[in-house]
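Understanding the architecture of this molecule
Here is what each chain is made of, one letter per residue.
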Amino acid sequence: MLVRPRITDHYNIALTQESADFAIPFLDEDLPLFVDPFLLWKSPALQDQALHTAMIASFNGLRDIAATDRPRAIDTLVRLSECEEIGLGASRTRTGRRIGTEVAEDILRLFRDLPDIERAGIGHIETLQLYIDQISKDRISDFTCGFLKSHLIDYTMVQAQQHQIPVQRATLDVYSYTTRALRREELMLPVNPVDGKPILLVPKRWLRHAPWISFDDFFAKVIAPDENLPRDRARILTFNRANHSLVAAYVAARERQQADCANDPLFRPIPVTSAKKKLAVIQAIPNGNNARADKRYEDAAGALLANLFYPHLDFAA
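These figures come from a predicted structure and were not determined experimentally.

Before going further, it helps to examine the overall build of the protein. Along its length, the protein carries 13 helices and four strands. By the burial criterion, 51% of the 317 residues in the protein qualify as buried. Partitioning the contacts of the protein with sequence separation of at least 6, the portion at a separation of at least 24 is 70%. About 15,400 Å² of surface is accessible on the protein, with carbon and sulfur atoms providing 51% of the total.

Structure (structure tokens):
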């Protein structure tokens with residue numbers, strides 16, 4: 001049994017995380033890392049800057065789509081809100097969940113309710129965390145990858161060829177900048193041998209454990225820097241909508257501090273995070289042998305013990 005198997009382990013590819021340009025994904029759980037679009041915004045690479053510009057333009061373009069075809073705009077947001085192919089986040093099974101139509105409606109209402117956003121649009125997609133409930137760092141990461149999936153496909157194809165990662169025909173929904181719509185494409189990509197789903201590789205220079213612009217940072221630095229105020233997310237989001245200038249000042253401050261923003265090194269906290277996930281799986285397994293409970297327990301226990309007793313064998317490092 002492979003413990004916390006990665007795609008390179010499955011295919012016996014001699015590639016360390018240190019030498020790889022991308023985050024080597026696990027096959028059975030998410031990497032507890034997230035794409036931070038701020039890293040693209042501040043990047044010295046023109047390609048990263050152009051990708052950020054295209055993503056923001058596409059997101060703000062939903063305002064125009066909603067004006068004539070609101071159901072299409074809502075459907076686009078819902079479908080772009082989950083990007084399982086990247087294997088990033090907090091899921092124990094690499095399976096995520098999309099936002100609901102109500103959350104998509106709340107996002108589109110920002111263009112109506114906030115005059116500055118109605119006039120100029122959103123400059124950083126991360127600010128959705130400061131206005132919309134059920135939008136957090138994993139959702140921001142998924143939205144970013146959803147809008148940039150076309151680039152990630154090309155990037156994955158190049159990396160797969162370079163490192164001889166096997167590919168198969170796979171079907172994906174890809175956002176088109178020209179038509180401003182999702183289209184289904186058949187492509188040759190690596191697939192997860194566990195479930196047969198396609199895998200997209202993500203440059204590790206884009207990854208952080210938390211986005212530079214985040215609700216947690218906003219709360220700590222703006223809402224309660226000197227006082228022990230309650231962390232009432234719903235009230236804070238409502239307050240932010242009525243005080244957009246405060247949010248704008250916070251974002252401007254984070255932009256000025258951009259020199260301190262860097263991708264996080266891979267992957268020291270992962271063994272502990274992975275161990276907690278496996279423990280939760282074990283605790284949820286029922287007694288007896290129904291649904292192959294003994295095999296599920298054996299697999300999860302083996303992975304848990306490996307994390308506890310061999311933490312120096314950082315399988316992702």
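Across nine bridges, the pairing between strand 2 (residues 168-176) and strand 3 (residues 181-189) is antiparallel. Within strand 3, the residue paired with Gln168 across the bridge is Leu189.

Here we take up the nonpolar core. Core analysis: the largest hydrophobic core is formed by 69 residues, its most contacted members being Phe59, Ile107, Ile125, Leu128, Ile135, Phe143 and Phe147. Of all the elements, helix 3 (residues 46-68) adds the most residues to this core, at seven residues. Sequence-distant contacts of Phe59, that is, excluding residues within four places in its chain, are made with Leu77, Ile107, Phe111, Ile122, Ile125, Leu128 and Phe147. Membership of the second largest hydrophobic core comes to 12 residues, among which are Ile13, Leu15, Ala20 and Ile24.

Let us now look at the packing of aromatic side chains. Throughout the structure, instances matching the rule amount to seven aromatic pairs. Measuring from centroid to centroid gives 5.9 Å for Phe59 and Phe111, while their planes differ by 40°, and the two rings are tilted. A residue pair is termed long-range when its members are at least 10 positions apart, and Phe59 in helix 3 and Phe111 in helix 5 (residues 101-113) qualify at 52 residues. Residue classification places Phe111 among the buried positions, given a relative accessible area of 6%. An angle of 75° between the planes, with centres 5.8 Å apart, marks the rings of Tyr175 and Tyr177 as edge-to-face. Directly above the aromatic system of Phe219 lies the positively charged group of Arg231, at a separation of 5.4 Å from the ring centroid. Here Arg254 stacks its cationic end above the ring of Trp212, 3.6 Å away from the centre of that ring.

Bringing the pattern of salt bridges into the picture now. Oppositely charged side chains may form a pair once their charged atoms are brought near each other. A complete count under the given rule lists 21 salt bridges for this structure. For the salt bridge of Arg184 with Asp173, the shortest nitrogen-to-oxygen distance reads 2.9 Å. Taken together, the positions of Arg184 in strand 3 and Asp173 in strand 2 put the pair 11 residues apart, joining distant regions of the chain. Overlapping salt bridges, with partners in common, bring together Asp75, Arg79, Asp173 and Arg184 in one network.

With that settled, the discussion passes to unusual backbone geometry. The phi dihedral of Asn12 is positive, around 55°, even though this residue is not glycine. The topology assignment puts Asn12 in the loop between helix 1 (7-10) and strand 1 (34-35). With phi around 70°, Gln134 is a residue other than glycine that occupies positive phi space. Among the structural elements, Gln134 can be located in the loop between helix 6 (115-120) and helix 7 (137-147).

Let's shift gears to the packing of helix 4 (residues 70-80) against helix 5. Here helix 4 crosses helix 5 at 110°, and the two axes come no closer than 9 Å. With respect to helix 5, the axis of helix 4 lies roughly perpendicular. Considering only the axes of helix 4 and helix 5, their crossing is right-handed. Between helix 4 and helix 5, the residues in contact are Arg70, Ala73, Ile74, Leu77 and Val78 and Thr101, Ala104, Glu105, Ile107, Leu108 and Arg109, respectively. Grouping the constituent residues of the contact of helix 4 with helix 5 by class yields seven nonpolar, one polar and three charged.

This part covers the confidence of the model for the protein. Taken residue by residue, the protein gives an average pLDDT of 88. The fraction at 70 or more is 84%. When the criterion is pLDDT under 50, residues 309-317 qualifies, and its contacts beyond four places in sequence or with other chains add up to 15 contacts.

The topology assignment puts Asp264 in the loop between helix 11 (244-256) and helix 12 (270-284). Take Asp264: its relative accessible area is 17%, and that puts it in the buried class. Distance from Asp264 to Leu33, taken between C-alpha atoms, is 8.8 Å for residues 231 residues apart in sequence. At 2.6 Å, the side chain of Asp264 and the backbone nitrogen of His209 are in polar contact.

What follows is about helix 8 (residues 149-163). Under the 1.5 Å per step criterion, the end-to-end length of helix 8 is 21 Å for 15 residues, consistent within 8% with the ideal 21 Å. Among the residues making up helix 8, those that are buried are Lys149, His151, Leu152, Ile153, Tyr155, Thr156, Gln159, Ala160 and His163. Along its buried surface, helix 8 packs onto helix 3, helix 7, strand 2 and strand 3. Remark: Gln164 follows helix 8 within two positions and exhibits a positive phi of approximately 60°.

Criteria and cut-off values
Residues numbered from 1 in each chain as written. Predicted model: local features only at pLDDT ≥ 70, side-chain atom pairs only at ≥ 80, totals over all residues. Heavy atoms only, no water. Helix = DSSP H or I, 4+ residues; strand = E, 2+ residues; numbered from the N terminus. Buried < 20%, exposed > 50% of the residue type's maximum accessible area, 1.4 Å probe, protein only. Contact = heavy atoms within 4.5 Å. Areas by Shrake-Rupley, 256 points an atom, 1.4 Å probe, with all protein chains shown as cover. Pairing = 2+ DSSP bridges. Core = buried A, V, L, I, M, F, W, Y, C linked by side-chain atoms within 4.5 Å. Phe/Tyr/Trp six-rings, centres within 6.5 Å; stacked < 30°, edge-to-face > 60°. Lys NZ or Arg CZ within 6 Å of the ring centre and 35° of its normal. Salt bridge = Lys/Arg side-chain N within 4 Å of Asp/Glu carboxyl O. Axes fitted to C-alpha atoms, helices over the stretch in contact; angles between N-to-C directions. Parallel < 35°, antiparallel > 145°, perpendicular 65-115°, else oblique. Left-handed = near helix turned anticlockwise from the far one by under 90°. Nonpolar A, V, L, I, M, F, W, Y, C, P; charged D, E, K, R; others polar. pLDDT = per-residue confidence, 0-100. Polar contact = N/O pair within 3.5 Å; in protein donor to acceptor, adjacent residues only side chain to side chain. Expected span 1.5 Å × (residues − 1).

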